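Architecture and fold: a report
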Amino acid sequence: MLLGLTLLYVGAVLFINGIWLLGKISDHEVSIINILVGLLSCLIAFHLIFKEPSHTIEVSAGAFTLLFSITYLWVGANQWLKSDGRGLGWFCLFVSVTAAVIGAHATQGAATSFKFWNTINWFAWSLLWLCYFYLLALAKPIQRPVATYTLVCAIFTGWLPGVMILLGFINT
């Protein structure tokens, strides 16, 4: 159920960030949801990492969740502080490469439909964070396509699976 909770709010923050990238929400306003979702996902990650007894799979899930938590907290801080985001862009490259490695590793165990979907998610997130690298660190003029892809990821990698898990339609 923690995965469903996390994905629901990842979907929400990605949706709002996509709308923001389209210029429909102010910087200060978008910082609020990024900070709140960053804190929520941090709490979930810490719970997974530090609960007793802790298992390798839970520590891994917590560690990988922190990649997203830090991203959202950093976006929130950048918007509040009016930073240019280049440092965040380079962190996004790190997240993108890590997500690609996780996706490649996940292909080995993609025996169920959920595990196959999860593998696809990691590759989708890898591409999304790579887009953020190009947008923020390299200042490429790709804001509109990145906004659109962010909205697609919000729905199909976050919100929809999060709701389906929380309602019991998907067993993880």
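Just above, that's the structure.
We now turn to the structure provided with this report. (Residues numbered from 1 in each chain as written. Predicted model: local features only at pLDDT ≥ 70, side-chain atom pairs only at ≥ 80, totals over all residues. Heavy atoms only, no water.)

1. Let's talk about the overall build of the protein chain
- What the protein chain contains, in helices and strands, is six helices and zero strands.
- Starting at the N terminus, the α and β elements of the protein chain follow one another as α-α-α-α-α-α.
- Against the 2.2 N^0.38 benchmark of 16 Å for 172 residues, the protein chain shows a C-alpha radius of gyration of 15 Å, consistent with a compact globule.
- For the protein chain, the spread of C-alpha atoms along the principal axes amounts to about 40 × 30 × 30 Å.
- The contacts in the protein chain between residues at least 6 apart in sequence include a share of 68% that link residues at least 24 apart.
- Of the roughly 9,100 Å² of accessible surface on the protein chain, 72% is carried by carbon and sulfur atoms. (Helix = DSSP H or I, 4+ residues; strand = E, 2+ residues; numbered from the N terminus. Rg over C-alpha atoms; globule rule 2.2 N^0.38 Å. Contact = heavy atoms within 4.5 Å. Areas by Shrake-Rupley, 256 points an atom, 1.4 Å probe, with all protein chains shown as cover.)

2. Digging into unusual backbone geometry
- For K82, which is not a glycine, the phi torsion comes out positive at approximately 60°.
- Mapped onto the fold, K82 is located in the loop between α3 (56-81) and α4 (86-106).
- Relative accessible area serves as the criterion here: at 64%, K82 is assigned to the exposed category. (Buried < 20%, exposed > 50% of the residue type's maximum accessible area, 1.4 Å probe, protein only.)

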